[in-house]
Every structure is written in C-alpha cells, then in structure tokens.
Amino acid sequence: MKDVSLSHIHQSLGAKMVPFAGYNMPVQYEGVNIEHDTVRKGVGVFDVSHMGEFLIEGPNALDLIQSVCSNDASILNVGKAQYSCLPNASGGIVDDLIIYRIKEETYLLVVNASNIEKDWNWITSKNYMKAEMKNLSDDYSLLAVQGPKAVEAMQSLTSIDLSSIQFYNFEVSDFAGIDHVIISATGYTGSGGFEIYCKNSEVEHIWHQVFSAGKSFGIKPIGLAARDTLRLEMGYCLYGNDIDDTTSPIEAGLGWITKFTKPFTNHEALQKQKEYGVYRKLVAFELNERGIPRHGYPIVDGNGNAIGNVTSGTMSPSLGKGIGMGYVSVESSKIGSEIFIQIRKKTIPATVVKLPFYKG
C-alpha cells in the first residue's frame, strides 16, 4: 500500500484512511454530508495525488495521442485541456483521462490511479511512432481546490488572474511562492475550482499555504467519499463502476468525446455503434420512494424482468433522495421511463432523468 506525500497530514487531521487503488487515502474527515456541502457552497481541498501523470513529448507526440485516444486532440492549443478515453480493441474502455497541451510538442496525460500500470503498458504498446514517454506518477502530487469560493480564496497565492482561466483551460505559473505549477480550471465536482499539479517536494508547502489563504472562506479538507457523491450528482462517470473494459463510450453516453475525424483504436466498430445504435445505454435515475441504490443492485422493468444493473448510486446530499446510474436496455432508457431498483427484498420505483442531477 503506497502513501501519498501528505498522508501524515491527513492522519494528523483525523481523517479516516482507507485503501484505494493501491494507495492509503483519506475517505472522510468530518463526514460525507458536511464535506459535500462545503464544496457545493464554499471551498474544499481534495488530495488526489494518487492519480497518474504521463508526459508525451516530441514531434510524434500528437500522432500517438490521436491513435490511442477517442477525442480529437489536434484542436488543443497550448493551455487547453480535454476529456477523452482510451478505447480498447474489443469495444470497451481502457481508461478515461484528461489531456493537457503543455507546449507545442509536450502533452500531459492524467489517468486514474487504479489504471496507471495498465494505461502505461497500453499506450507503450501502441507507440509505433516512437514518441517520447515519461511516467511522472510517483513524482507529482495533485490537489483539487473545489467550490464556488475557490477563485476568491486562492487569488492571493498567484500573480495571474484566476477568474480569467476558463473551464478546461490552465496556466503554468507561480502559486504559493513556487514557480511552474499547473493551475487548471478542471475538477470532478461540478462546483468550479482548480486542480493544482506540483512536485511531491512542494505539496506540503502548498497545502499549508492553501489553507492559510482560504481560512477566512471556511476552507476544509475533503475526503474521497464526498468526491464520489459530488461527481455522481453531476453524472460524471467513474472508471470501474460506470465505464470499464466491457462498456463502449457510445453506450456510456460519451459519444461527445468520441470523434471520428481521425483513426483511433477500434474506431470502425464504435462508428457503427454510433450509426446503427446500441442495445443498452447508461442512464441516470432518481428513486421515487425512500431508499439508497448501490453498485450492483439489479434494475428490472414493471414485470420484474432484469434489464440492467446499478453502476453508481447514493443518497444525494444536495437533493435528499436516492440517485444512481446504470445500464438498461434501450427500450427502458428514454427520459421519463419508469424502472425499478431491487434493494434487498424491496423493488423501489425510479424514474429515468436527464443529467446532471444537481442543477446548481
């Protein structure tokens, strides 16, 4: 079990630490609902240093990225980021990721912690064009400063105007007295804020500076449990739950990051899915009665016939009701359709809804 650089700080703050993707990570401090509410209304800080970072460089960097990623990275200017996925050869997804164009021929790929080795091996196996690759995952830390007060709370730490950084744009600038920090207007909460990439040797200093600057704004440390409820309220996919090696991006509603303007792994089969349709779709649903849908719970129709399974589910702290996502047959996937979630011995009615659950 690996520790992140700030593990000792999380433990000193009383965090409940749990194994996650091979790392010892803080799952909660005060409690999920309190932490969730802090991010929705104020500002909170997640340590997500377990994420993986790959540097792809050189004249063939873009060619490699284009060949392994579903989205079209050729549209990225320096300072822009893009959500994408790595399709596999059999119709599923190796991982989802964010691509940053750092310089003209330098890209940073940020991947899920549980897939670092798998992704590295996959991309390496496709690197016929001999692009330069470096795995920086063990050298870099990542803090997500999230919430509507993030811009105001963090402005004193940098010379750049944080309010000018648009969503999915970033700056490489000074932050908390340290040069060459990536300040990215990205995150997985739906409440705004930034992700701060720095070296492991710098993260403890930055952590303390972030909390000092945010003190008057009520800043708090936030665990991974609240990160999960926040992302689910937005309908953001979680790898291993909502997408995996057996789910196609078209089934998962990720057609918007699947661009057929260039060839990539398995693009012919995915293009056929887009043209002719799929047999199942990932849908969002709200329970019509009291209950909490959990990963793996069966989804059935009005006659009790199995039509799918819950991939993610929780009691929404913002909405006060059970929400979830799951794959169902296309016939049951239309907005407004009634489906049923089997929760132990009960069958709870639910309605298919349009994302996001949380409208802000």
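An account of the accompanying structure is given in this report. (Residues numbered from 1 in each chain as written. Predicted model: local features only at pLDDT ≥ 70, side-chain atom pairs only at ≥ 80, totals over all residues. Heavy atoms only, no water.)

**With respect to the side chain of asparagine 127**
Move 1: Looking at the element boundaries, asparagine 127 is found in the loop between helix H4 (116-125) and strand S9 (132-135).
Move 2: The buried category is assigned to asparagine 127, whose relative accessible area is 12%.
Move 3: Within the structure, the side chain of asparagine 127 is placed 3.2 Å from the backbone nitrogen of lysine 130, a separation counted as a polar contact.
Move 4: Among all residues touching asparagine 127, those that are not within four sequence positions of it are Leu64 and Met133. (Helix = DSSP H or I, 4+ residues; strand = E, 2+ residues; numbered from the N terminus. Buried < 20%, exposed > 50% of the residue type's maximum accessible area, 1.4 Å probe, protein only. Polar contact = N/O pair within 3.5 Å; in protein donor to acceptor, adjacent residues only side chain to side chain. Contact = heavy atoms within 4.5 Å.)

**Regarding the nonpolar core**
General note: in soluble globular proteins, nonpolar side chains tend to be found buried as a group.
Move 1: With 65 residues, the main nonpolar core has Ile56, Ile65, Ile99, Tyr100, Leu109, Ile123 and Ile243 as its most contacted residues.
Move 2: When residues of this core are assigned to their parent elements, the largest contribution, seven residues, is made by strand S7 (residues 93-103).
Move 3: The contact partners of leucine 109, leaving out residues within four places of it in the chain, are Gly52, Glu53, Phe54, Ile56, Ile65, Leu97, Ile98, Ile99 and Ile123.
Move 4: Ala15, Val43, Cys198 and Ile219 belong to the second-largest nonpolar core, a separate cluster that totals 32 residues. (Core = buried A, V, L, I, M, F, W, Y, C linked by side-chain atoms within 4.5 Å.)

**A short note on the environment of glycine 58**
Move 1: For glycine 58, the location among the structural elements is in the loop between strand S5 (52-57) and helix H3 (61-68).
Move 2: With 22 residues separating them in the primary sequence, glycine 58 and lysine 80 have C-alpha atoms 18 Å apart.
Move 3: Among all residues touching glycine 58, those that are not within four sequence positions of it are Glu105 and Glu132.

**Concerning the pattern of salt bridges**
Move 1: In this structure the tally under the stated criterion is 11 salt bridges.
Move 2: For arginine 101, the salt bridge is made with glutamate 104, and the minimal N-O distance between the two is 3.2 Å.
Move 3: A salt bridge links glutamate 286 to lysine 321, with the shortest nitrogen-to-oxygen separation between them at 3.1 Å. Of this pair, glutamate 286 sits in strand S15 (residues 280-287) while lysine 321 is found in the loop between strand S17 (306-315) and strand S18 (322-329), placing the two residues 35 residues apart along the sequence.
Move 4: Relative accessible area serves as the criterion here: at 16%, glutamate 286 is assigned to the buried category. (Salt bridge = Lys/Arg side-chain N within 4 Å of Asp/Glu carboxyl O.)

**Examining the sheet that holds strand S19 (residues 338-343)**
Move 1: Strand order in this closed barrel of six strands is S15-S18-S17-S16-S19-S20, and the pairing throughout is antiparallel. Sheet twist, expressed as the mean angle between neighbouring strand axes with direction ignored, is 40 degrees.
Move 2: Relative to S17, strand S16 (residues 298-300) is paired through three bridges, and the arrangement is antiparallel. Residue isoleucine 299 lies in a different strand from S17, and its bridge partner there is glycine 308.
Move 3: Strands in contact with helix H7 (residues 224-234) are S17 and S18; relative to S17, the strand with the most contacts, it is inclined by about 125 degrees. (Pairing = 2+ DSSP bridges. Axes fitted to C-alpha atoms, helices over the stretch in contact; angles between N-to-C directions.)

**What to know about unusual backbone geometry**
Phi is mostly negative for residues that are not glycine, and the peptide bonds are mostly trans.
Move 1: In the segment running from leucine 355 into proline 356, the intervening peptide bond is cis, with an omega of 0 degrees.
Move 2: You can see proline 356 is positioned in the segment after strand S20 (346-353).
Move 3: Within the chain, lysine 130 stands out as a residue other than glycine whose phi angle is a positive 60 degrees.
Move 4: Looking at the element boundaries, lysine 130 is found in the loop between H4 and S9.
Move 5: You will see that histidine 180, though not glycine, has its phi angle at about 60 degrees, which is positive.

**Some remarks on the environment of serine 5**
Move 1: With respect to the helices, strands and loops of the structure, serine 5 is situated in the loop between strand S1 (2-3) and helix H1 (7-12).
Move 2: Sequence-distant contacts of serine 5, defined by excluding residues within four places in its chain, comprise Ser141, Asn200 and Val203.

**A closer look at the packing of helix H2 (residues 32-41) against H7**
In helix packing, the relevant descriptors are the interaxial angle and the interaxial distance, both defined with respect to the helix axes.
Move 1: Closest axis-to-axis distance for the H2/H7 pair is 8 Å, and the angle between their directions is 55 degrees. It follows from the interaxial angle that H2 and H7 lie oblique. As for the relative orientation of H2 and H7, their crossing is right-handed in sense. Residue-level contacts link Val32, Glu35, His36, Val39 and Arg40 of H2 to Ala225, Ala226, Thr229, Leu230, Glu233 and Met234 of H7. (Parallel < 35°, antiparallel > 145°, perpendicular 65-115°, else oblique. Left-handed = near helix turned anticlockwise from the far one by under 90°.)

**A closer look at the sheet that holds S5**
Move 1: Spatially, five strands are ordered S6-S7-S8-S5-S9 in an open sheet, and the strand pairing comes out antiparallel. The two strands at the open ends of the sheet, each matched to only one other strand, are strand S6 (81-87) and S9. With direction set aside, neighbouring strand axes in the sheet form an average angle of 25 degrees.
Move 2: Of the strand pairs in this sheet, S5 and S9 are connected by four bridges, and their pairing is antiparallel. Residue pairing across strands places isoleucine 56 opposite methionine 133, the latter belonging to S9.

**Considerations on the packing of aromatic side chains**
Move 1: According to the stated counting rule, one finds eight aromatic pairs in the structure shown.
Move 2: Ring plane angle 75 degrees and centroid distance 5.5 Å describe the contact between tyrosine 100 and tyrosine 197, whose orientation is recorded as edge-to-face. Remark: tyrosine 197 occurs in strand S13 (residues 193-199) and tyrosine 100 occurs in strand S7; sequence separation between them is 97 residues. Of the two residues, tyrosine 100 and tyrosine 197, neither departs from the other in class, the shared state being buried.
Move 3: Over the aromatic face of tyrosine 358 sits the side chain of arginine 40, whose NZ or CZ is 4.1 Å from the ring centroid.
Move 4: Directly above the aromatic system of tyrosine 327 lies the positively charged group of arginine 280, at a separation of 4.5 Å from the ring centroid. (Phe/Tyr/Trp six-rings, centres within 6.5 Å; stacked < 30°, edge-to-face > 60°. Lys NZ or Arg CZ within 6 Å of the ring centre and 35° of its normal.)

Keep in mind these numbers describe shape, not what the thing actually does.
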